[in-house]
Amino acid sequence: MRREGSKLPELSELQVLRHFNRLSQMNFSVELGMYPLGSCTMKYNPKVSEAIAASDGMRNAHPLQHEETVQGLLGIFYDLERALSEITGMSRFSLSTAAGAQGEFAGVLMIRKYLDDQGSRERDEILVPDSAHGTNPASAAMAGFRVVKVPSDSQGLVRASAVRKLASEKTAGMMFTVPNTLGLFETEVAEISEEVHRAGGLMYFDGANMNALLGKSRPGDMGFDVVHLNLHKTFATPHGGGGPGAGPVGASKRLEKYLPVPLVSGEGGRFALDYDVERTIGPLKGFVGNSAVLLRAYAYIRLLGASGLSDVSSLAVLAANYLWRSLDPEAFPVSHGKGLRRKHEAVVSVKSEFPGGAMKLAKALLDRGMHSPTVYFPLIVSEALMIEPTESEPLEVLDEYARALNEAHRALVAGELGDVPHNTSVGKVDEVKASHPATLKVHW
Ligand SMILES: *Cc1c(COP(=O)(O)O)cnc(C)c1O
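The model shown is predicted, which means the values in this text are computed figures rather than measured ones. (Residues numbered from 1 in each chain as written. Predicted model: local features only at pLDDT ≥ 70, side-chain atom pairs only at ≥ 80, totals over all residues. Heavy atoms only, no water.)

Visitor: Sorry if this is basic, but what is going on with the sheet that holds strand 1 (residues 92–94) here?
Guide: The strand order across the open sheet formed by seven strands is 1-7-6-5-4-2-3, and the pairing between neighbours is mixed. Unpaired on one side and paired on the other, strand 1 and strand 3 (146–150) mark the two borders of the sheet. Looking at each pair of strands side by side, their axes are set apart by 25° on average, direction ignored. Sheet topology places strand 2 (residues 125–129) next to strand 3; five bridges connect them, and they run parallel. Note that in strand 3 the partner of Pro129 across the bridge is Val150. Contacts from helix 4 (residues 71–88) reach strand 1 and strand 6 (226–229) within the one sheet, and its direction differs from that of strand 1 by about 120°. Here helix 8 (residues 189–198) sits on the sheet and contacts strand 4 (171–177) and strand 5 (202–207); the angle it forms with strand 5, its principal contact strand, is near 140°. (Pairing = 2+ DSSP bridges. Helix = DSSP H or I, 4+ residues; strand = E, 2+ residues; numbered from the N terminus. Axes fitted to C-alpha atoms, helices over the stretch in contact; angles between N-to-C directions. Contact = heavy atoms within 4.5 Å.)

Pasting the structure below:
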């Protein structure tokens, strides 16, 4: 029996309500303003997708339910697989992998198994451009490959001649991101595919930047053998804070029998999860993965249709180029891709007398209630700001954002920014701890 009264805080309902309301207002989201984090595609996700993902049939479905009772849902996954295959030019997709990185890992394991079946065990090198997202070399290394870095040229593009020098009888494949992390379309992608194939390797397409290509061009037509998509970037799942995602992996005809299980089969109009795939690398995630994310993607694709998806990419590319061109070119020069149009994002340098200008500008934007772009990435650009407005934003918002960046830059060089940020609920954060999470301790 309790001897003393419990030490519960004695607060009124109103006080508690205010506390949580205040906390919620310290948050930022795309529903409050533009969230132009380059490489992340923080687009607005239509509420109808949320409503469908939260519908009774979805919410109450159980993964161990008899297939007979979830034919509708399985039919949706079957159709989604067909749509993703059509969008990318692949033969089949496995939907279960839960993130881009997990799709990559599945893809390189498939390449490993395919080469083993061909008697090419000695092929143990994966080519990865120096502009790649960090998950690419990590996935290849986790799958047991040696990572061979391909240098980009001075314009930030990978040249077929550079690939030719590195491709050999040791090459298992190449992981390639198009458009690349600088937002540039790789102009020699077809020749590079040919070089790698001629050397006996396979081509992996990192499809995280597919928001620029929907309905425009397809990795399958560019010669890729395996791809992943980030449904949580391109297809309507919010992904701040590391929530559930989906990184389905697709394969060309010759690699489809290696896809992770389950696949969704639909013979004679009867849908089922198929675990009986000849040379599968096995399951990487329970059941069909994060099914609510899959359902949102399906709703998004059906909502927009083929021409709507193509419009998404047109608008995303237009917005990125418009915003980039609205910046003062003296203040925000580009180090790569001079004279080239951007795709879904633009990377600029912050020009100032002292280092640290990009971070100062990012914080000056926070002071104005705006979310900053991605800073200091990719590593091959100094004082980088990586800006991806997405297709969601109206013209006035793009104008306002460009104006804010131009003004903040003028204040930066005039020495008038001071110790930004001044107006945020948290002032100084420990940036060393933030980027070395092993040492990160959360204090309240
Ligand atoms: C986001 C991203 C990834 C990784 O995807 P996750 O879902 O975060 O694991 C891989 N490549 C590129 C180019 C990306 O932008």
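Visitor: Just checking my understanding: could you explain the nonpolar core for this structure?
Guide: Most often, soluble globular proteins keep nonpolar side chains buried together rather than apart. With 53 residues, the main nonpolar core has Leu84, Met174, Phe176, Phe224, Leu231 and Phe235 as its most contacted residues. Secondary-structure elements contributing two or more residues to this core are helix 4, strand 3, helix 7 (160–166), strand 4, helix 8, strand 5, strand 6 and helix 10 (291–325). For this core, the domains that each give at least three residues are domain 1 (51–303) and domain 2 (305–426). Leaving out residues up to four positions away in the same chain, Phe224 has contacts with Met90, Phe176, Val178, Val189, Met203, Tyr204, Phe205, Pro219 and Ser252. Counting residues in each nonpolar core, the second largest holds 28 residues, with Ala331, Phe332, Leu398 and Ala404 among its members. (Core = buried A, V, L, I, M, F, W, Y, C linked by side-chain atoms within 4.5 Å. Buried < 20%, exposed > 50% of the residue type's maximum accessible area, 1.4 Å probe, protein only. Domains from an automatic or database assignment.)

Visitor: Mind showing me how you'd approach the side chain of Thr171 here?
Guide: Summarising the element assignment, Thr171 is placed in strand 4. Among the polar contacts made by the side chain of Thr171, one reaches the main-chain amide nitrogen of Ser168 at a distance of 2.8 Å. The contacts of Thr171, once residues within four sequence positions are left out, are Arg123, Glu125, Leu127, Leu166, Gly200 and Gly201. (Polar contact = N/O pair within 3.5 Å; in protein donor to acceptor, adjacent residues only side chain to side chain.)

Visitor: Would you explain the site of the ligand in this entry?
Guide: If you check the shell around the ligand, you find 13 residues, and the closest are Gly100, Ala101, Asp206, His232 and Lys233. With respect to the ligand, the backbone of Gly100 contributes an N or O atom lying 2.8 Å from an oxygen atom. Here an oxygen atom of the ligand sits 2.9 Å away from a polar atom, N or O, in the side chain of Asn230. Starting from 380 Å² of accessible surface for the ligand in isolation, the protein chains cover 87%. At the level of elements, helix 5 (100–117) and helix 9 (231–234) are the ones that each hand at least two residues to the shell around the ligand. Ranked by residues supplied to the shell around the ligand, first place goes to helix 5 with three residues. (Near = heavy atom within 4 Å. Areas by Shrake-Rupley, 256 points an atom, 1.4 Å probe, with all protein chains shown as cover.)

Visitor: Sorry, what's going on with helix 12 (residues 395–413) here?
Guide: Structurally, the α-helix is built with 3.6 residues per turn, so residues lying three or four positions apart point the same way. Taking 1.5 Å per residue, 19 residues should reach 27 Å; helix 12 reaches 27 Å between its end C-alpha atoms and fits that length. Within the span of helix 12, buried status applies to Leu398, Tyr401, Ala402, Ala404, Leu405, Asn406, Ala408, His409, Ala411 and Leu412. Each element contacted by the buried residues of helix 12 is listed here: helix 10, helix 11 (357–367) and strand 12 (384–387). Directly after helix 12, the chain includes Gly415, whose backbone phi takes a positive value near 70°. (Expected span 1.5 Å × (residues − 1).)

Visitor: What should I look at first to understand the layout of surface pockets in this one?
Guide: Remark: the empty space left among the atoms is shown by a probe the size of a water molecule rolled over them. Its boundaries defined by the atoms lining it, the second largest pocket holds a volume of some 330 Å³. If you go around the second largest pocket, you meet 17 residues; those closest to its centre are His62, Pro63, Leu273, Phe287 and Val288. Of all the elements, helix 4 adds the most residues to the lining of the second largest pocket, at three residues. Classifying every residue of the lining of the second largest pocket gives twelve nonpolar, four polar and one charged. (1 Å grid on protein atoms, 1.4 Å probe; cavity = no way out; pocket = protein on both sides within 12 Å on 5 of 7 lines; lining within 4 Å. Points joined across faces, edges and corners; volume = space filled by probe spheres on them. Nonpolar A, V, L, I, M, F, W, Y, C, P; charged D, E, K, R; others polar.)

Visitor: It is not clear to me how the domain arrangement of the chain should be interpreted in this structure. Could you clarify?
Guide: Each assigned domain of the chain is listed with its residue range as follows: domain 1 (51–303) and domain 2 (305–426). Summarising the inter-unit geometry, the C-alpha centres of domain 1 and domain 2 are found 29 Å apart. Between domain 1 and domain 2, the contact holds 29 residues from the first and 25 residues from the second. Surface buried jointly by domain 1 and domain 2 totals about 2000 Å² across both partners, of which 61% is contributed by carbon and sulfur atoms. On inspection of domain 1 and its partner domain 2, the count reaches zero salt bridges. Ranked by the residues each element gives to the side of domain 1 that touches domain 2, the list is headed by helix 10, at four residues. Its residues assigned to classes, the side of domain 1 that touches domain 2 comprises 14 nonpolar, eleven polar and four charged. (Buried area = accessible area lost by both parts, 1.4 Å probe. Salt bridge = Lys/Arg side-chain N within 4 Å of Asp/Glu carboxyl O.)

Visitor: Even after reading the chapter, I still don't get the pattern of salt bridges, so can you show me in this structure?
Guide: On inspection of all chains with the given rule, the structure shows 24 salt bridges. Glu125 serves as the salt-bridge partner of Arg146, at 2.5 Å between the closest nitrogen and oxygen. Placement of Arg146 in strand 3 and of Glu125 in strand 2 is noted, with a sequence separation of 21 residues between them. The partner of Asp419 in a salt bridge is Lys428, and the shortest N-O contact between them spans 3.6 Å. Taken individually, Asp419 and Lys428 each receive the classification exposed, so the pair is uniform in this respect. What you see here is one network of salt bridges that share partners, running through Arg164, Glu194, Glu195 and Arg198.

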